[in-house]
Amino acid sequence: MADTHTILERQGAILTFAFDRPDKYNAFTRPMLAALRDAFETFANDADLRVLLIRATGRYFSSGMDVTALGAGPADEGPSGFRRRYRESAWHQLYDEFEAIEKPIVVAHQGPCLGAALEMSLSCDFRLASDAAHYALPELNMGMIPGSGGTSRLVRMIGGHWARYMIMANRPIGADQALTVGLVHEIYPAAEFDRRVDEFCLSLAGQPPEALAAAKLAIELAADLDRTQARNVERLANSSLFGREEQARVFAALRARFSKSS
């Protein structure tokens, strides 16, 4: 679904989706999220695409959901009806698919990333920050808590200690603190941000795709297993890779490179 507030570009193995509503701080609308889903489907269904990069134009990555664009549910739906509608929402399912797809998704925050935008970002594999970025989950200001993965994914990622700070105390954190607590992977100077993000994505796209897929799946499984079962996941993953065409080719190239240098 085309949307005038998003941009989709393909460069080799990298598909870049950008939010482009800078006059409204890139606040999410339903058409923008629908365009993101379409971009994800393109990424998922094209084997030649190796990395999905999500970025934004303007000063903000995103201020979160545009509350003026949200419609109210049925007045008589009750708490259970709300929970069902919430569970079945298209963007919740999309974020689950972000985690499930066996290809990497990178999100690049050139500026503040708030509310629903941070929730979306938590479902991506890599979060890269400009030194101009900061992060907040201000849902308490609306009398709610982050409910699109902002609570469940955040606790799993940075622990209850800092999740309390961001959600209950309703405090923002800067890029440096986000790196310290494990919310982002890298911080780049604003003047170098686009170039460094592109370099990261090019490097990621150059990794062996089957090995990368197995790594993503194994990491996700290992997070919820004890040490013994996590080791079984490692062995199972490597048994699906060893001796296959990709592994043999990569290993042969590695041996040839070492032979030339010796």
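**Notes on the packing of aromatic side chains**
Two numbers describe a pair of aromatic rings. These are the distance of the centres and the angle of the planes. Tallied over the full model, the rule gives nine aromatic pairs. Taking 5.9 Å as the distance between ring centres and 90 degrees as the angle between the ring planes, the aromatic pair formed by Phe19 and Phe61 counts as edge-to-face. One end of the pair, Phe19, is in strand S2 (residues 14–19); the other, Phe61, is in the loop between strand S3 (51–56) and helix H2 (78–87), with 42 residues separating them in the sequence. Between Tyr95 and Phe98, the ring centres sit 6.1 Å apart and the planes meet at 50 degrees, which makes this aromatic pair tilted. On the criterion of helical spacing, the pair formed by Tyr95 and Phe98 is a turn pair, its members being three residues apart in helix H3 (residues 90–100). For the pair formed by Tyr95 and Phe98, the shared burial category is buried. Members of the aromatic cluster, joined through ring pairs, are Phe17, Phe19, Phe28 and Phe61. For Lys103, the ring lying beneath its charged end belongs to Phe43, and the centroid distance is 4.3 Å.

**Here we look at the packing of helix H8 (residues 209–222) against helix H9 (residues 227–239)**
The contact between H8 and H9 brings their axes to 9 Å, and the two run at 165 degrees. Relative to H9, the element H8 is oriented roughly antiparallel. Two packed elements cross with a definite hand, and for H8 against H9 that hand is right-handed. Residues Ala214, Ala218, Leu221 and Ala222 of H8 form the contact with H9, whose own contacting residues are Ala230, Val233 and Ala237. For the contact of H8 with H9, the residue count by class is seven nonpolar, no polar and no charged.

**Notes on the pairing of strand S1 (residues 6–11)**
Direction of pairing for S1 relative to S2: antiparallel, over a ladder of six bridges. Each bridged residue has a counterpart across the sheet, and for Leu8 the counterpart in S2 is Phe17. Counting the residues between successive antiparallel strands, the hairpin from S1 to S2 contains two residues, one of them, Gly12, with a positive phi of roughly 60 degrees.

**Considering the pattern of salt bridges**
Under the definition given, this model contains 16 salt bridges. Here Arg195 makes a salt bridge to Glu192, at a shortest N to O gap of 3.6 Å. Under the relative-accessibility criterion, Glu192 is labelled partly exposed at 30%. When the shortest N-O distance is used, the salt bridge between Glu192 and Arg196 registers 3.0 Å. In this structure Arg196 comes out as partly exposed when scored by relative accessible area, which is 27%. Within this structure, Glu192, Arg195, Arg196 and Glu199 form a network of salt bridges that share partners.

**What to know about the side chain of Ser121**
With respect to the element layout, Ser121 can be found in helix H4 (residues 116–122). Note on Ser121: relative accessible area 0%, which makes it buried.

**Examining a nonpolar patch on the surface**
A contiguous nonpolar surface patch, about 290 Å² in accessible area, is contributed by Val67, Met142 and Met144. Looking at the element boundaries, Val67 is found in the loop between S3 and H2.

**Observations concerning the sheet that holds S3**
On the basis of which strands lie adjacent, the open sheet formed by six strands has the order S1-S2-S3-S4-S6-S9 and mixed pairing. For this open sheet the edge positions go to S1 and strand S9 (186–188), each flanked by a neighbour on one side alone. Between one strand axis and the next, the sheet turns through 20 degrees on average, direction left out of account. Pairing between S3 and strand S4 (residues 105–109): three bridges, direction parallel.

Reading guide: rules and limits
Residues numbered from 1 in each chain as written. Predicted model: local features only at pLDDT ≥ 70, side-chain atom pairs only at ≥ 80, totals over all residues. Heavy atoms only, no water. Phe/Tyr/Trp six-rings, centres within 6.5 Å; stacked < 30°, edge-to-face > 60°. Helix = DSSP H or I, 4+ residues; strand = E, 2+ residues; numbered from the N terminus. Buried < 20%, exposed > 50% of the residue type's maximum accessible area, 1.4 Å probe, protein only. Lys NZ or Arg CZ within 6 Å of the ring centre and 35° of its normal. Axes fitted to C-alpha atoms, helices over the stretch in contact; angles between N-to-C directions. Parallel < 35°, antiparallel > 145°, perpendicular 65-115°, else oblique. Left-handed = near helix turned anticlockwise from the far one by under 90°. Contact = heavy atoms within 4.5 Å. Nonpolar A, V, L, I, M, F, W, Y, C, P; charged D, E, K, R; others polar. Pairing = 2+ DSSP bridges. Salt bridge = Lys/Arg side-chain N within 4 Å of Asp/Glu carboxyl O. Patch = residues over 30% accessible without salt bridge, like charges linked within 9 Å, V, L, I, M, F, W, Y side chains within 5 Å. Areas by Shrake-Rupley, 256 points an atom, 1.4 Å probe, with all protein chains shown as cover.

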